[in-house]
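Chain by chain, the residues:
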Amino acid sequence: LKFCQALPKIELHAHLNGSLRDATIRKLAIKRQLDPSLTKLIEKGDRTLSECFKLFDVIHQITTDHETITGIASEVVEDFAADNVRYLELRTTPKTRSEHGMTKRSYTEAVLKGMQEAQGRQRASKGRSIAVRLLLSIDRREDAAAALETVQLAAELQSRGVVGIDLSGNPTLGQWSTWEPALQEARRQGLKITLHAAEVYNPAETEAMLHFRPDRLGHMCCLDERLEALHYSTGIPVELCLSSNIITESVASYPEHHFHPFYSAGHPVILCTDDSGVFSTSLSKEFAIAAQAFQFSRLQLWQISEAAIDHTFLNEEEKQDLRKEFENARLKLQ
Ligand code: 5GP
């Protein structure tokens, strides 16, 4: 784990409200006087995928106002920086909460404020620097109009650090055709796109998603041979989250995780946390788990970490800066 902590890392799949510290969730639950039966759901360690979505709804009940949103965004960025993540693509679903005077835009502004505050503090302390960009998520419960609203917001906020769109939320809900027009619009606006795909076995949807050719995919747990071959042929990089898939029982064990066959086939893979709070993990831990499950050498871990730079939603110049930063870190680590 020590080597994995010292390794500079790139995090490309992290949901804001899934990345909260346990202590912060407990503090907010007390502050908001959360019903004790719901608090129990927070305390539970192992969770199936459907329990996770119930938990997200509970977390959303305690992260309701702008100040709290700014606070958690700032804390999450600090936690990734402390784990030696040098570039973070954080994602979150913009929310409308009229009872709190919140619109999708004001929610997103509150997140951006928290991200900036954390980066400012990081620079001032002359600690390790972390660059952060934001992806706006479309929740599968949303209709076409809400999806389009999120895309338009992302397009307007591109100069403020929003680089792309994610599709996430309970994979058993909704229809691909609902969000596809909004995602086409995102592409027209120059936004990058990543999709949660094949978290459950849904061959028609997974095939449609592959034909859409997003810039990245997340999870890809439930594929048959035909879909796997199709995915390989597209070369689309895949964000893989080991602890998340094991805890939610999407994959039976670490050694059986599809990270390894993808990696061995030379398909671009990126190790990510998904929800570091909900799954009690960190990116360093995910690297340590991969090292143990797949017998990776230090050189291989380094290469996996560095290769993620190619798959960020940054421009070529920004990627080059990150490569230089990795090179400097490598010289120090030797
Ligand atoms: P938020 O977008 O509120 O910051 O983060 C929590 C949300 O991210 C959840 O409500 C859910 O929509 C999405 N999410 C987090 N983890 C997962 C996951 O493993 N799979 C899917 N499909 N969605 C997730």
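Treat the numbers as computed from the prediction; the structure is a model and nothing was measured. (Residues numbered from 1 in each chain as written. Predicted model: local features only at pLDDT ≥ 70, side-chain atom pairs only at ≥ 80, totals over all residues.)

A. Layout of the overall build of the protein. Helix and strand counts for the protein come out as 15 helices and 8 strands. In summary, the protein has a C-alpha radius of gyration of 19 Å against a globular reference of 20 Å for 334 residues, a match within 12%. Its C-alpha atoms give the protein principal-axis dimensions of about 50 × 50 × 40 Å. In the protein, buried positions account for 44% of the 334 residues. For the protein, the share of sequence-separated contacts (at least 6 apart) that also reach a separation of at least 24 residues comes to 72%. (Helix = DSSP H or I, 4+ residues; strand = E, 2+ residues; numbered from the N terminus. Rg over C-alpha atoms; globule rule 2.2 N^0.38 Å. Buried ≥ 20, exposed ≤ 12 C-beta atoms within 10 Å, placed from the backbone. Contact = placed C-beta atoms within 7 Å.)

B. Structural detail: the site of the ligand. Neighbouring the ligand are 17 residues, the closest being Leu16, Asn17, Phe56, Thr92 and Thr93. Tallied by class, the residues present in the shell around the ligand amount to 3 nonpolar, 10 polar and 4 charged. (Near = placed C-beta within 6 Å. Nonpolar A, V, L, I, M, F, W, Y, C, P; charged D, E, K, R; others polar.)

C. Region of interest: the nonpolar core. Counting 82 residues, the largest nonpolar core has Val77, Leu88, Ile165 and Leu240 as its most contacted members. Among the elements that line this core, the one with the most residues is helix α5 (residues 66-82), at 7 residues. Filtering out sequence-adjacent residues up to four positions away, Leu88 remains in contact with Glu11, Ala14, Val77, Phe80, Ile130 and Val132. (Core = buried A, V, L, I, M, F, W, Y, C linked by C-beta atoms within 7 Å.)

D. Up close: the confidence of the model for the protein. Looking at the protein, pLDDT values average 95 and 99% of them are 70 or higher. Note on the complex model: pTM 0.97, ipTM 0.99. (pLDDT = per-residue confidence, 0-100.)

E. Representation of the environment of Leu223. Here Leu223 is to be found in the loop between β6 (216-219) and α10 (225-234). Sequence separation between Leu223 and Glu199 is 24 residues; the distance between their C-alpha atoms is 9.1 Å. Setting aside anything within four residues of it in sequence, one finds Leu223 in contact with Ala198, Thr206, Glu228 and His231.

F. Main features of the sheet that holds strand β1 (residues 9-15). Taking strand neighbours across the sheet as the criterion, the 8 strands line up as β1-β2-β3-β4-β5-β6-β7-β8 in an open arrangement whose pairing is parallel. In this open sheet, the two strands that pair with only one neighbour each are β1 and β8 (269-271). In this sheet, neighbouring strand axes are inclined to one another by 25 degrees on average, regardless of whether the strands run parallel or antiparallel. Pairing of strand β5 (residues 192-197) with β6 involves 4 bridges; the strand directions are parallel. Residue pairing in the sheet places His196 in a bridge with Gly218 of β6. (Pairing = 2+ DSSP bridges. Axes fitted to C-alpha atoms, helices over the stretch in contact; angles between N-to-C directions.)

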